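# Residue-level structural notes
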Amino acid sequence: QQQVKQSPQSLIVQKGGISIINCAYENTAFDYFPWYQQFPGKGPALLIAIRPDVSEKKEGRFTISFNKSAKQFSLHIMDSQPGDSATYFCAASEAGRRALTFGSGTRLQVQP
Amino acid sequence: DGGITQSPKYLFRKEGQNVTLSCEQNLNHDAMYWYRQDPGQGLRLIYYSQIVNDFQKGDIAEGYSVSREKKESFPLTVTSAQKNPTAFYLCASRRGLSRASGANVLTFGAGSRLTVL
């Protein structure tokens, strides 16, 4: 049972372009939606997170857009750089519940 | 520096052998987790522990076992019953389960790659 669906599986963007990764969830009890960034051979690291009481959160070049009625959220990377090339995972969890449920991941390649 | 240490980084196992992956954290976090990562499948939860001497099965616990005798340590044993153990294994910890700022953040180790020969 896949509770968080992520797309696309892979993405190629030119340097300076906008990278957009989408996720959809089914469990309406989810109330925490983070994005994690993972470089090859490393563990994932928290990039940015949002709660459903806001529709957008921005940190530098990274923005989460959240649509509660559609049960969708997305990550936008503005002015994408080659150093952003990594795998990105969306995730979701319920308050006080066991663990994060992760999406299947998106491998982003930013070409110079 | 505070963090999570996983060892070994690479491990090779013959079929029928049990192997144990180590996970140690010095973050004073209460909760610890084991995830398995396979290409195109994201991270799947194997086991988790919220307090010492207590742990629960995740979504894919069959063929795995864990212990939590100390707050800092959460080793994972991959048993011979696990039919397809070749994967990248990630250990993580979290400060707590409240909605307080930062409590939800998972901190991951660098992972252990297990290959069955």
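Computed from a predicted structure; not experimentally measured.

The rules behind each value
- Residues numbered from 1 in each chain as written.
- Chains lettered and ligands numbered in written order.
- Predicted model: local features only at pLDDT ≥ 70, side-chain atom pairs only at ≥ 80, totals over all residues.
- Heavy atoms only, no water.
- Helix = DSSP H or I, 4+ residues; strand = E, 2+ residues; numbered from the N terminus.
- Rg over C-alpha atoms; globule rule 2.2 N^0.38 Å.
- Buried < 20%, exposed > 50% of the residue type's maximum accessible area, 1.4 Å probe, protein only.
- Lys, Arg positive; Asp, Glu negative; His and termini not counted.
- Charge placed at Lys NZ, Arg CZ, Asp CG, Glu CD.
- Contact = heavy atoms within 4.5 Å.
- Areas by Shrake-Rupley, 256 points an atom, 1.4 Å probe, with all protein chains shown as cover.
- Pairing = 2+ DSSP bridges.
- Axes fitted to C-alpha atoms, helices over the stretch in contact; angles between N-to-C directions.

## A word on the overall build of chain A
Per the secondary structure count, chain A includes zero helices and 11 strands. For chain A, the succession of helices and strands along the chain, N to C, is β-β-β-β-β-β-β-β-β-β-β. Relative to its length of 112 residues, chain A is compact, with a C-alpha radius of gyration of 13 Å against a globular reference of 13 Å. For chain A, the spread of C-alpha atoms along the three principal axes comes to 40 × 30 × 20 Å. The buried share of chain A, taken over its 112 residues, is 47%. If you average the places of the 12 positive and of the 8 negative side-chain charges in chain A, the two averages end up 5 Å apart.

## A few points about the overall build of chain B
Within chain B, the regular secondary structure consists of zero helices and 11 strands. Shown N-terminal to C-terminal, the secondary structure of chain B runs as helices and strands in the order β-β-β-β-β-β-β-β-β-β-β. Expected size for 117 residues packed as a compact globule is a radius of gyration near 13 Å; at 14 Å, chain B falls within 12% of this value. Taken along its principal axes, the extent of the C-alpha atoms in chain B is 45 × 25 × 25 Å. Residue pairs at least 24 apart in sequence account for 53% of intrachain contacts in chain B once pairs closer than 6 positions are excluded. Accessible area of chain B: about 5600 Å², with a carbon and sulfur share of 47%.

## Points about the pairing of strand 6 (residues 56-59) of chain A
Residues and elements named next belong to chain A. With four bridges joining them, strand 6 and strand 7 (residues 62-67) adopt antiparallel strand pairing. Following the sheet pairing, E59 is matched in strand 7 by F62. Between the end of strand 6 and the start of strand 7, which pair antiparallel, lie two residues, with G60 showing a positive phi angle near 65 degrees.

## Quick look at the sheet that holds strand 8 (residues 72-77) of chain A
Residues and elements named next belong to chain A. Pairing is antiparallel in the open sheet, where five strands are placed in the order 1-3-8-7-6. A single partner strand is all that each edge strand has here, and the edge strands are strand 1 (4-7) and strand 6. Each neighbouring strand pair of the sheet contributes to a mean axis angle of 15 degrees, computed without reference to strand direction.

## Brief notes about unusual backbone geometry
Residue A:P8 is bonded to the preceding A:S7 through a cis peptide linkage, with omega at -5 degrees. Mapped onto the elements of the fold, A:P8 is located in the loop between strand 1 and strand 2 (10-14). Omega for the bond connecting B:S7 with B:P8 falls within 30 degrees of zero, at -5 degrees, which places this linkage in the cis form. On the secondary structure map, B:P8 appears in the loop between strand 1 (4-7) and strand 2 (10-13). Here A:D79, not a glycine, exhibits a phi torsion of approximately 45 degrees, which is positive.

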